[in-house]
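Understanding the architecture of this molecule
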Amino acid sequence: MALEAVNPASGEKIKAYPEMAPGEVETRIHRAEQTFAIWKTWAFSVRAELMKKAAGMLRDKAGEYA
């Protein structure tokens, strides 16, 4: 069963996302845990700079993501 994103104001369907198999969910969770284990070892200044870049990218596309 697909998950659907719906505009609550109009009821218009925005996009449908296929449901993931349980094994795929477990794989993604494990990958996220491994990535975090590496991420937390990086210097705060490095992480902060990457987060600032991500924030800038989100701001640049705010209209698209809104």
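Here, the structure is the one placed above.
Described below are features of the structure shown in this document. (Residues numbered from 1 in each chain as written. Predicted model: local features only at pLDDT ≥ 70, side-chain atom pairs only at ≥ 80, totals over all residues. Heavy atoms only, no water.)

1. A closer look at the overall build of the chain
- Of the regular secondary structure elements, the chain holds three helices and two strands.
- What you see for the chain is a C-alpha radius of gyration of 17 Å, clearly larger than the 11 Å of a compact globule of 66 residues, by over 25%.
- Counting only C-alpha atoms, the chain reaches 45 × 35 × 10 Å along its principal axes.
- On the chain, roughly 6,100 Å² of surface is accessible, and the fraction owed to carbon and sulfur atoms is 62%.
- For the chain, the distance from the average position of its 10 positive side-chain charges to the average position of its 9 negative side-chain charges is 9 Å. (Helix = DSSP H or I, 4+ residues; strand = E, 2+ residues; numbered from the N terminus. Rg over C-alpha atoms; globule rule 2.2 N^0.38 Å. Areas by Shrake-Rupley, 256 points an atom, 1.4 Å probe, with all protein chains shown as cover. Lys, Arg positive; Asp, Glu negative; His and termini not counted. Charge placed at Lys NZ, Arg CZ, Asp CG, Glu CD.)

2. Some details on the packing of aromatic side chains
- The final tally for this structure, using the stated rule, is one aromatic pair.
- Ring centres of Trp39 and Trp42 lie 5.6 Å apart, and the angle between their planes is 50°; this geometry places the pair in the tilted category.
- The class for Trp39 is partly exposed, based on a relative accessible area of 25%.
- You can call Trp42 partly exposed: its relative accessible area is 38%. (Phe/Tyr/Trp six-rings, centres within 6.5 Å; stacked < 30°, edge-to-face > 60°. Buried < 20%, exposed > 50% of the residue type's maximum accessible area, 1.4 Å probe, protein only.)

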